[in-house]
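Each chain is listed here by its residues.
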Amino acid sequence: MPSTSTWTTSTSSATRSGPAGSRRRSGRTDRAAQPVDIRSYTSGVGLKEIVQQHGMTVGEPARFFNAEFLPAEAGRPVELRVVQCRHWQRDRLAADTDLPWVLPSPNMPTTDTALVYPGTCLFEGVASITEGRGTCRPFELIGGLATDFDYHWGDRLNARNLPGVRFREAYFSPTSAGQKPALLNKPCAGVEIKIVDRGAYDPIRTGVAMLVEARKYPAFAWRQDAWDQLRPYWIDKLTGSPRLRTMIDAGADVADVVGAWADELAAFDRQRQPYLLY
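None of the values given here were measured: they were computed from a predicted structure. (Residues numbered from 1 in each chain as written. Predicted model: local features only at pLDDT ≥ 70, side-chain atom pairs only at ≥ 80, totals over all residues. Heavy atoms only, no water.)

**Quick word on the packing of helix H5 (residues 152-159) against helix H6 (residues 203-214)**
The cut-off we apply is this: Axes here mean lines fitted to C-alpha atoms, for a helix over just the part in contact, with angles spanning 0 to 180 degrees between N-to-C directions. We count a stretch as a helix when DSSP gives it H or I for four or more residues in a row; a strand needs E for two or more, and each element gets its number in order from the N terminus. An angle below 35 degrees is treated as roughly parallel, one above 145 as roughly antiparallel, one from 65 to 115 as roughly perpendicular, and anything else as oblique. In this scheme the handedness of a crossing depends on how the near helix is turned from the far one: anticlockwise by less than a right angle means left-handed, clockwise means right-handed. By the convention used here, residues are in contact when the closest approach between their heavy atoms is within 4.5 Å. Classes in brief: Ala, Val, Leu, Ile, Met, Phe, Trp, Tyr, Cys and Pro nonpolar; Asp, Glu, Lys and Arg charged; the others, Gly included, polar.
For the pair H5 and H6, the least separation of the axes is 10 Å and the interaxial angle reads 130°. When the axes of H5 and H6 are compared, the pair comes out oblique. For the pair H5 and H6, the sense of crossing is right-handed. From H5, Trp 153, Arg 156 and Leu 157 reach across to H6, where they touch Ala 209, Met 210, Glu 213 and Ala 214. Class assignment for the residues of the contact of H5 with H6 results in five nonpolar, no polar and two charged.

**Comments concerning the confidence of the model for the protein**
The line we're drawing: Per residue, pLDDT measures the predictor's confidence, with a range of 0 to 100.
Looking at the protein as a whole, its pLDDT mean stands at 87, while 88% of the residues score no less than 70. Within the model, the stretch residues 11-27 combines pLDDT values under 50 with 46 contacts to residues more than four positions away or in other chains.

**Notes on helix H10 (residues 262-272)**
The condition that has to hold: Buried, partly exposed and exposed residues are distinguished by accessible area as a fraction of the type maximum, computed with a 1.4 Å probe on protein chains only: under 20%, between the cut-offs, and over 50%, respectively. Within this analysis, the arc is defined by the directions that extend from the helix axis to the C-beta atoms.
Listed in full, the buried residues belonging to H10 are Leu 265, Phe 268 and Arg 272. With its buried residues spanning 60° around the axis, H10 presents them on a single face. Exposed side of H10, more than 90 degrees from the buried face: Asp 263 and Arg 270 are the residues found there.

**Re the pairing of strand S6 (residues 141-145)**
Filter applied, for reference: DSSP bridges decide pairing: two strands pair if at least two such bridges lie between them.
The buried fraction of S6 is high, at four of five residues. Relative to strand S8 (residues 188-195), S6 runs antiparallel, the two being bridged by five bridges. Residue pairing in the sheet places Gly 144 in a bridge with Ala 189 of S8.

**Some words on unusual backbone geometry**
Not every positive phi belongs to a glycine, and Asn 161 is a case in point at roughly 50°. By secondary structure assignment, the location of Asn 161 is in the loop between H5 and strand S7 (165-172). Even without glycine at this site, Asn 185 takes up a positive phi of about 60°. Mapped onto the elements of the fold, Asn 185 is located in the loop between S7 and S8.

**A few points about the packing of aromatic side chains**
Selection criterion: The aromatic pairing rule takes the rings of Phe, Tyr and Trp, using the six-membered ring of Trp, and pairs them if the centres are within 6.5 Å, calling planes under 30 degrees apart stacked, those over 60 edge-to-face and the rest tilted. Lysine and arginine charges are scored as sitting over a ring when NZ or CZ, respectively, is within 6 Å of the ring centre and within 35 degrees of the ring normal.
Taken as a whole and judged by the stated rule, the model has eleven aromatic pairs. Aromatic pair Phe 220 and Trp 222: ring centres 4.8 Å apart, planes at 90°, arrangement edge-to-face. Like Trp 222, Phe 220 is buried. Three or more aromatic residues joined by ring pairs form one cluster here, namely Phe 64, Phe 65, Phe 69, Phe 268 and Tyr 275. Over the face of the ring belonging to Trp 234 we find Arg 223, whose NZ or CZ atom lies 4.5 Å from the ring centre.

**A closer look at the packing of helix H4 (residues 111-120) against H6**
For the pair H4 and H6, the least separation of the axes is 7 Å and the interaxial angle reads 50°. By the angle between their directions, the pair H4 and H6 is classed as oblique. Of the two elements, H4 crosses H6, and the hand of that crossing is right-handed. Here H4 contributes Leu 115, Val 116, Pro 118, Gly 119 and Thr 120 to the contact with H6, which in turn contributes Pro 203, Ile 204, Gly 207 and Met 210. When its residues are assigned to classes, the contact of H4 with H6 shows six nonpolar, three polar and no charged.

**Focus: the side chain of Thr 206**
Going by this rule: Pairs of N or O atoms are called polar contacts if they sit within 3.5 Å, as long as, within protein, a hydrogen donor faces a hydrogen acceptor (for residues adjacent in sequence, only side-chain-to-side-chain pairs).
Residue placement: Thr 206 occurs in helix H6. Reaching out from Thr 206, the side chain makes a polar contact with the backbone oxygen of Asp 202 at a distance of 2.8 Å. Not counting residues within four places of it along the chain, the set of residues in contact with Thr 206 comprises Leu 162, Val 165, Phe 167 and Tyr 201.

**Overview of the side chain of Asp 228**
If you trace the backbone, Asp 228 turns up in the loop between H6 and helix H7 (234-239). On the basis of relative accessibility, which here comes to 10%, the residue Asp 228 falls in the buried class. Within the local environment of Asp 228, its side chain forms a polar contact with the side chain of Lys 237, the two groups lying 3.0 Å apart.

**Notes on H5**
All of the buried residues in H5 are Trp 153, Gly 154, Leu 157 and Asn 158. The buried residues of H5 occupy an angular sector of 130° when the element is viewed end-on, so they sit on one face. Of the surrounding elements, those touching the buried residues of H5 are strand S5 (129-130), S6, S7, S8 and H6. Looking at the residues trailing H5, positive phi occurs at Asn 161, about 50°.

**Examining the nonpolar core**
The tendency in soluble globular proteins is for nonpolar side chains to be buried side by side. To keep it simple, the criterion reads: Think of a nonpolar core as a cluster: buried Ala, Val, Leu, Ile, Met, Phe, Trp, Tyr and Cys residues, connected wherever their side-chain atoms sit within 4.5 Å.
Formed by 53 residues in total, the largest nonpolar core has its most connected members in Phe 123, Ile 129, Trp 153, Met 210, Leu 211 and Leu 244. Ranked by residues supplied to this core, first place goes to H6 with seven residues. Leaving out residues up to four positions away in the same chain, Ile 129 has contacts with Phe 123, Ile 142, Gly 143, Gly 144, Phe 149, Trp 153, Lys 180, Leu 183, Ala 214 and Phe 220.

Here is the structure:
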């Protein structure tokens, strides 16, 4: 999923007159996933009309933005140089290397956090469920107040036999809650995500399945922000449109939700191909 550093690369390139540089930082680059942002729902978490898990590292989106967006916004592309990594392979994960893991964020402590994040960060858009900030396993521990959620959530998720992942019932008290103060230091119940096959694991399908099952609890509530009256639902900004939220609210199951963006995802995958370096 695009991070603020990705969008900083885009916006700073648009305003500079000299050469621009970018170093590649390795993330998951073997696949793209999630829907494409629509223009009316772009925001600080998604400034442009690209998919959320774009399957590129910082140097490759820089090439993409430089050709696809900057000519229209700045009148021309910038002189861009990307420093490539030697011997890199697109299907390689950070855990497959002998390099030490460097935290890109305090909330990204392990390589598994980076793998689950594109799916479980969607819980930032749920007011009644914490995405695990303030725990030792952010984005791997997901839950709501213990009075509202229980272990059956994990049971139902395990019954789906999602590829590459199992769920363990979990209980915790987050010491940080961000936009969800009602959950701060409160006993929460939910699940811990355990990746059992990194190659088979699909974070987006898993995240959607977790939302579909969580939506069945009466206490489930989407996060709404008073500062944006026209687009109050944070989940709509995270996914680039109201589609995921409205489909889940209407009772759609996982295959229908994920299948709804298959055509636009395929189109984006074709669009990005000229800018890939490996």
